[in-house]
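Single-letter residue listing:
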Amino acid sequence: QVQLVESGGGLVQAGDSLRLSCAASGRTFSTYTMGWFRQAPGKEREFVAAITSDGDKIYYADSMKGRFTISRDNAKNTVYLQMDSLKPEDTAVYYCAAKRSFLTTPMAQRSYDYWGQGTQVTVSS
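Here the structure is a predicted model, which is why all the values come from computation and not from measurement.

Draft legend 1. Up close: the pairing of strand β3 (residues 18–24). β3 sits mainly inside the fold: 5 of its 7 residues count as buried. One ladder, built from 4 bridges, connects strand β1 (residues 4–7) with β3; its direction is antiparallel. What sits directly across from Val5, in β3, is Ala23. Where β3 and strand β8 (residues 78–83) come together, 6 bridges link them in antiparallel fashion. Following the sheet pairing, Leu18 is matched in β8 by Met83.

Right, here's the structure in full:
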């Protein structure tokens, strides 16, 4: 069992940056692929970014490439999402998730076994 707790969300202006953190419980964090997803009001949850257990592979949704950076610190059981040049359309609840299997795609929600409660990010224009 893994428990995930996101933090770092808030209200910012367009063009600002935020860094989200996701702290995981348990001693097996380093074996999980970690992902970030987001859900905007009235929209389905969508993939943002993912990073494999040892960080050797990183995936981004096309719309986030160049603005968002995912990273992890296995010693701290934490995964991060650095978000730069934020836009109003980035407004959403951001969720982190953990995936055990290396056989499933890291870009699909159905691949993930554990989810955090989410943190709200609001970008004003």
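Draft legend 2. A look at the environment of Ala24. Inspection of the secondary structure assignment puts Ala24 in strand β3. Leave out the neighbours within four places in its chain, and Ala24 touches Val2, Gln3, Leu4, Phe29 and Asn77.

Draft legend 3. Region of the structure containing the state of the cysteines. Overall, the coordinates contain 1 disulfide when judged by the stated rule. Put simply, Cys22 and Cys96 are joined by a disulfide, and their sulfur atoms are 1.9 Å apart. Its S-S torsion of approximately 40° makes the covalent link between Cys22 and Cys96 right-handed. Placement of Cys22 in strand β3 and of Cys96 in strand β9 (residues 92–99) is noted, with a sequence separation of 74 residues between them. Looking at Cys96, the relative accessible area reads 0%, which means it is buried.

Draft legend 4. Representation of unusual backbone geometry. The backbone of Asn77 shows a phi angle near 55°, a positive value even though the residue is not glycine. Looking at the element boundaries, Asn77 is found in the loop between β7 (68–73) and β8.

Rules and cut-offs
- Residues numbered from 1 in each chain as written.
- Predicted model: local features only at pLDDT ≥ 70, side-chain atom pairs only at ≥ 80, totals over all residues.
- Heavy atoms only, no water.
- Buried < 20%, exposed > 50% of the residue type's maximum accessible area, 1.4 Å probe, protein only.
- Helix = DSSP H or I, 4+ residues; strand = E, 2+ residues; numbered from the N terminus.
- Pairing = 2+ DSSP bridges.
- Contact = heavy atoms within 4.5 Å.
- Disulfide = S-S within 2.5 Å.

The values are spatial; any link to function lies outside them.
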